[in-house]
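Close look at the chain arrangement
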Amino acid sequence: MNQKVRVRFAPSPTGPLHIGGVRTALFNYLFAKQHDGVFVLRIEDTDQNRYVEGAEQYIIDALNWCGIPFDEGPGKEGSVGPYRQSERKSLYRQYADALVEKGKAYYAFDTSERLDFHRKDHEAKGKTFIYNWHNRLKLVNSLSLSAEETQQKIDAGKDYVIRFKSPKDETLLLQDTIRGTIRIDTNILDDKVLFKADGMPTYHLANVVDDHLMNISHVIRGEEWLPSLALHQLLYNAFEWNAPEFAHLPLIMKPVGKGKLSKRDGQKMGFPVFPLSWNESLGYREAGYFSETVVNFLALLGWNPGTEQEIFSLTELISNFSLDRVNKSGARFDPDKTKWYNQHYIKEKANDELADLFRPILLEKDISALSFDNAFVERVVSLIKERATFVSDFWQLSHYFFTTPEHYDEKAVRKQWKPDTGSIMNQLVSILKEISDFSSQNLENRVKQWITDNELSFGKVMAPLRLLLVGALQGPHVFDILELIGKEESIKRIEKGIVELG
RNA sequence: GCUCCAUUAGCAUAGUGGCUAGUGCAUCCGACUUUCUAUCGGAAGACAAGGGUUCGAUUCCCUUAUGGAGUACCA
């Protein structure tokens, strides 16, 4: 009974993959890899009306960018393909027919308009219209009609669907790995459509048939499917197939307010909800997040290791992940925490890698950036990366390494530039001119010595010095800045400041 | 409305039938004899409510409240 683990991620290509979808994919991937199993991507495109061009490629690109590629799927054919339901179209009808033959399903001829009418009518009376045992004989279907009438309608080319005949008076005990046992009374179930008038199966039929045909051992999907679990279990029973194990992941909720995370929340609060950009919607990748960040915060959304560890690489996740540590309740999405993760990962990145990412920004800002060699850019990056959350913060944090400050922060000037500051800076210039070893450490020793010898205060020297070098009271260690921009430029900046500030 | 699921601080969570309920993010304060959105240190802050069961419940059961999902010839 030790079946090979095969899981699937089965999105429908109706648009860009939402971050919640990526989380579902990630958990499937982790589970598969942990058990040396196979991660299948299946495209559920049974609804032709909602098909969106490019969505499938987007899904594939997103999974690849996150570093969680599928093992089998479109373009990576295994033995149970094809992996797009539209390409498996011819396969489903026979299964629907088999259920009709077994008396587990039936033909229904009711028009959508008629059903809509019933629903509205019931709603107006404060009731819910359920197409099932209690009214199916009053509707137009092969159970209420004679065999001849049914055949007549079919021959006449009337539109019909195939509905599942859900049983009466049964209590179902469903198993969910995350939630345990769930009791369902079958009387409240409706006779779901399995096969549509357009010749396509509905999600429910296609899903169960494909999971069976693809030997899926574990179905890990979003909580929005929990209400369908009864139907799916009933279908497996009707086909006399073994059902896979089910695990329903908690939903991802909006950062504030109620409801699940939506595209609008991202726009309103300024954070991405998609892994990659899609038209006007910004993606995590384009917003400057690393894939490590996305994987890490997604993993902790609805799951935790039971320890205090919060930083996980993909490989660590594979060995630590487990379905029984997945939470039952919805996980609120926290954009601040995602930034915290990126801040962590930016510090871990190698300086040369960050320098490569920074170069295009430098080019955009100033052509002369070209003249700075890699070693210099890497050195700058090493000094500022711990204060950055994104590579896009780098310029703001380091522009003074590349260009002479044009203005001085007014508030800082008012606070730090005293009448005697000019003359102190003048003295400092003459001290700096005498120093030939312009290393940070040596500069610090010499300047501090000079300050003590002359009984000056550190504040009176260091703050104005920083102001003249940087243009504001920010940045890393002053002596590191001096060393990096060099003797000539340092002195130039101080002299320029003395002239401008008096 | 009905069905199912959930409920530990602002947020994410750990944990236990019985010591001061642990951690991270955010917040506030301090330190780093100069800056900081960095780092370090510290502070404040929670078991939804009411009933049971029990010597004892945040932990088990019930009710209520709140939140979520589903209720389509969409997935």
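See above for the structure.
A brief structural summary. (Residues numbered from 1 in each chain as written. Chains lettered and ligands numbered in written order. Predicted model: local features only at pLDDT ≥ 70, side-chain atom pairs only at ≥ 80, totals over all residues. Heavy atoms only, no water.)

Remarks on the protein's contact with RNA strand B
Contacts to RNA strand B come from 56 residues, most closely from Thr 128, Lys 196, Glu 310, Ser 329 and Leu 473. Atoms of RNA strand B within 4 Å of the protein belong to the sugar or the phosphate in 74% of instances, the rest to bases. Taking Asp 47, its side chain carries an N or O atom lying 3.1 Å from a sugar or linking oxygen of RNA strand B. Side-chain polar atom of Lys 196 to a phosphate oxygen of RNA strand B: 2.9 Å apart, as the coordinates give it. Those elements that provide at least two residues to the surface near RNA strand B are helix H4 (112–124), strand E4 (161–164), strand E6 (180–185), strand E11 (331–332), helix H11 (335–348) and helix H18 (458–470). (Near = heavy atom within 4 Å. Polar contact = N/O pair within 3.5 Å; in protein donor to acceptor, adjacent residues only side chain to side chain. Helix = DSSP H or I, 4+ residues; strand = E, 2+ residues; numbered from the N terminus.)

Observations regarding the sheet that holds strand E3 (residues 105–108)
Taken in spatial order, the three strands of this open sheet run E3-E4-E7, and their pairing is antiparallel. With one partner strand each, in any of the chains shown, E3 and strand E7 (193–195) form the two edges of the open sheet. Looking at each pair of strands side by side, their axes are set apart by 45° on average, direction ignored. Where E3 lies against E4, four bridges are found, and the strand directions are antiparallel. Pairing of Tyr 107 across the sheet is with Ile 162, part of E4. (Pairing = 2+ DSSP bridges. Axes fitted to C-alpha atoms, helices over the stretch in contact; angles between N-to-C directions.)

Describing the pattern of salt bridges
Counting across every chain of the model gives 28 salt bridges. Close ionic contact of Arg 88 with Asp 210 constitutes a salt bridge, the shortest N to O distance being 2.3 Å. Taken together, the positions of Arg 88 in the loop between helix H2 (55–66) and helix H3 (89–101) and Asp 210 in helix H6 (residues 203–213) put the pair 122 residues apart, joining distant regions of the chain. The same class applies to Arg 88 and to Asp 210, which are both buried. Measuring nitrogen to oxygen at the nearest pair gives 3.0 Å for the salt bridge that ties Asp 97 to Arg 93. In this pair, Asp 97 and Arg 93 are both assigned in helix H3, four residues apart and thus about one turn of the helix distant. Among the ionic contacts, a cluster of salt bridges with common partners joins Arg 8, Arg 42, Glu 44, Arg 88, Asp 210 and Asp 211. (Salt bridge = Lys/Arg side-chain N within 4 Å of Asp/Glu carboxyl O. Buried < 20%, exposed > 50% of the residue type's maximum accessible area, 1.4 Å probe, protein only.)

A short note on the packing of aromatic side chains
By the definition in use, this model includes 26 aromatic pairs. Seen from their ring centres, Phe 376 and Phe 402 are 5.7 Å apart, and the 80° between their planes marks the pair as edge-to-face. Placement of the pair is Phe 376 in helix H13 (residues 374–384) and Phe 402 in helix H14 (residues 394–402), with a sequence separation of 26 residues. A single burial state applies to Phe 376 and to Phe 402, both of which are buried. Grouping aromatic residues by their ring pairs yields a cluster made of Phe 271, Tyr 284, Tyr 289, Phe 297, Phe 333 and Phe 390. Its guanidinium or amino end placed over the ring of Phe 290, Lys 349 lies 4.6 Å from that ring's centre, counting from NZ or CZ. (Phe/Tyr/Trp six-rings, centres within 6.5 Å; stacked < 30°, edge-to-face > 60°. Lys NZ or Arg CZ within 6 Å of the ring centre and 35° of its normal.)

Regarding unusual backbone geometry
Here the phi dihedral of Asp 36 falls at roughly 50°; this positive angle occurs in a residue that is not glycine. Along the chain, Asp 36 falls in the loop between helix H1 (19–34) and strand E2 (38–41). With phi around 55°, Asn 215 is a residue other than glycine that occupies positive phi space. Within the secondary structure layout, Asn 215 lies in the loop between H6 and strand E8 (218–222).

A look at the side chain of Gln 233
Along the chain, the position of Gln 233 falls in helix H7 (residues 229–239). Taking the relative accessible area as the measure of exposure, Gln 233 reaches 19% and is therefore buried. Dropping the residues within four chain positions of it, Gln 233 is found in contact with Leu 174, Ala 243 and Phe 246. (Contact = heavy atoms within 4.5 Å.)

A look at helix H17 (residues 440–453)
The end-to-end C-alpha distance of H17 is 20 Å, a good match for the 20 Å that 14 residues give at a rise of 1.5 Å each. Ser 440, Asn 442, Leu 443, Glu 444, Val 447, Trp 450 and Ile 451 are the residues of H17 that are buried. On the buried face of H17, the contacting elements are helix H16 (421–434), H18 and helix H19 (478–501). Looking at the residues trailing H17, positive phi occurs at Glu 455, about 55°. (Expected span 1.5 Å × (residues − 1).)

Things to note about the nonpolar core
Within the largest apolar cluster, 111 residues are counted, with the highest numbers of intra-cluster contacts made by Phe 401 and Phe 402. Residue contacts for Phe 402: discarding those within four places in its chain leaves Phe 358, Leu 362, Phe 372, Phe 376, Val 377, Val 380 and Trp 395. The next biggest cluster of nonpolar side chains, apart from the first, holds 38 residues, and it includes Val 80, Tyr 160, Met 214 and Phe 239. (Core = buried A, V, L, I, M, F, W, Y, C linked by side-chain atoms within 4.5 Å.)

Concerning the environment of Leu 468
Within the element layout of this structure, Leu 468 appears in helix H18. By relative accessible area, which is 0% here, Leu 468 ends up buried. Spatially, the C-alpha atom of Leu 468 lies 73 Å from that of Gln 233, the residues being 235 residues apart in sequence. Every residue in contact with Leu 468, bar those within four places of it in the chain, is listed here: Pro 405, Tyr 408, Trp 417, Met 425, Arg 493, Ile 494, Gly 497 and Leu 501.

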